[in-house]
Amino acid sequence: MKKRFAAIILGFTALYGTAVHGEWRDGLDLKDADLSLFRMVMISDGTESGAMEYGWTRIGNQYLVEDRTRMVPDILESASALIDAKTLLPYNVMVKFSMGNSMMNVDLRWSGGNRQGQIISRRHGDGETVRDIDLVEDNYAPLRMATLGFVAALPLKDGYRTSFDWFNAMANRTEKVSIESASRANVTSPAGTFEAHKIELRGVTPENVVYVTTQKPRRIVRIDVVGRDMYFLRLAD
């Protein structure tokens, strides 16, 4: 459930057209994306079953990335991170996740090539487990939760394709994400009807489809969970 939840929130990226490969930072322009706080409603099996808020705030040469999500009946997640405004690599990340009587708190920071911090977890009926983290970082990668913001800033042109490693804070590891273009579609949400790039995320479980407006500054208007009758729709501002 935790892996599914994390993938629902943060399984995002890709583009439109024939095969052209690129490094994910090539052509990325944050001015092309609307990174201000937005809200989405979650629909599962045809019923409203949760909500999400997500947004970036510029603080000097950093961005504060925030994500808050709830899912019925009793799943709550709150995450925040500071990332470098130029490289989009993390300085720190904190996640608080709960599902009934189970919980996980993640508090990690990067300094001098090291990843340090603590992960505290508790499963139903068990006591708390505390894991201290002090590792030499062998692959300094962007955060999974930050991808939701910069997907809209990628050069969404016909034929774009790329892949990269991101860091999954809940799992405390890097993962390979493949991004490739799909098509375009008209998406209707409570925020309106939009022409959107249909962006597919592959190589993680579950896979996702994200719809990003073609009009700039681009906005995320829908997120589908592949293989499940579950999706998020953007709400009006």
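I will try to describe carefully the structure that is included in this document. Please read these numbers as outputs of a predicted model, since none were measured by experiment. (Residues numbered from 1 in each chain as written. Predicted model: local features only at pLDDT ≥ 70, side-chain atom pairs only at ≥ 80, totals over all residues. Heavy atoms only, no water.)

**Observations concerning the environment of G27**
Then step 1. Here G27 is to be found in the loop between β1 (16-21) and β2 (38-44).
Then step 2. A relative accessible area of 53% means that G27 is categorised as exposed.
Then step 3. The contact partners of G27, leaving out residues within four places of it in the chain, are A153 and P155. (Helix = DSSP H or I, 4+ residues; strand = E, 2+ residues; numbered from the N terminus. Buried < 20%, exposed > 50% of the residue type's maximum accessible area, 1.4 Å probe, protein only. Contact = heavy atoms within 4.5 Å.)

**Details of the nonpolar core**
Then step 1. The biggest cluster of nonpolar side chains holds 56 residues, and the ones touching the most others in it are L30, W56, I83, V93, L143, I220 and I223.
Then step 2. Each residue touching L30, except ones within four places of it in the same chain, is listed here: L35, W56, Y63, A85, L88, F150 and A153.
Then step 3. Counting six residues, the second-largest nonpolar core is a separate cluster that includes V187, F194, V209 and Y211. (Core = buried A, V, L, I, M, F, W, Y, C linked by side-chain atoms within 4.5 Å.)

**Points about the packing of aromatic side chains**
Then step 1. Under the definition given, this model contains six aromatic pairs.
Then step 2. When the ring of W24 is compared with that of F150, the centres are 4.9 Å apart and the planes differ by 20 degrees; the resulting orientation is stacked. Placement of the pair is W24 in the loop between β1 and β2 and F150 in helix α2 (residues 144-150), with a sequence separation of 126 residues.
Then step 3. Look at W110 and F167: their rings are 5.4 Å apart centre to centre, the planes differ by 90 degrees, and that puts the pair in the edge-to-face class. Here the residue W110 occupies a position in strand β7 (residues 102-111), and F167 occupies one in strand β10 (residues 158-168), the gap between them amounting to 57 residues. (Phe/Tyr/Trp six-rings, centres within 6.5 Å; stacked < 30°, edge-to-face > 60°.)

**Overview of unusual backbone geometry**
Among all residues save glycine, negative phi is the norm, and among peptide bonds the norm is trans.
Then step 1. The omega angle of the peptide bond from V72 to P73 is 5 degrees, so this bond is cis rather than trans.
Then step 2. Tracing the chain through its elements places P73 in the loop between β4 (62-71) and β5 (75-84).
Then step 3. A cis amide bond, omega -5 degrees, links K216 with the succeeding residue P217.
Then step 4. Relative to the helices and strands, P217 resides in the loop between β13 (208-213) and β14 (220-225).
Then step 5. Notably, D45 is not glycine yet its phi reads approximately 55 degrees, a positive angle.

**As for the environment of A79**
Then step 1. Examined against the element boundaries, A79 turns out to sit in strand β5.
Then step 2. The sequence separation of A79 and V93 amounts to 14 residues, and the corresponding C-alpha distance is 7.3 Å.
Then step 3. Not counting the four nearest positions on each side in its chain, A79 is found in contact with V65, E66, D67, M94, V95 and M145.

**Comments concerning the pattern of salt bridges**
Then step 1. Scanning the entire structure with this criterion turns up 13 salt bridges.
Then step 2. Measuring nitrogen to oxygen at the nearest pair gives 3.2 Å for the salt bridge that ties D29 to K31.
Then step 3. With its nearest N and O atoms 3.6 Å apart, the salt bridge here joins D237 to R219. Remark: R219 occurs in the loop between β13 and β14 and D237 occurs in the segment after β15 (230-234); sequence separation between them is 18 residues.
Then step 4. Overall, the relative accessible area of 77% leaves D237 in the exposed class.
Then step 5. Salt bridges sharing partners connect three or more residues here, namely R144, R173 and E175. (Salt bridge = Lys/Arg side-chain N within 4 Å of Asp/Glu carboxyl O.)

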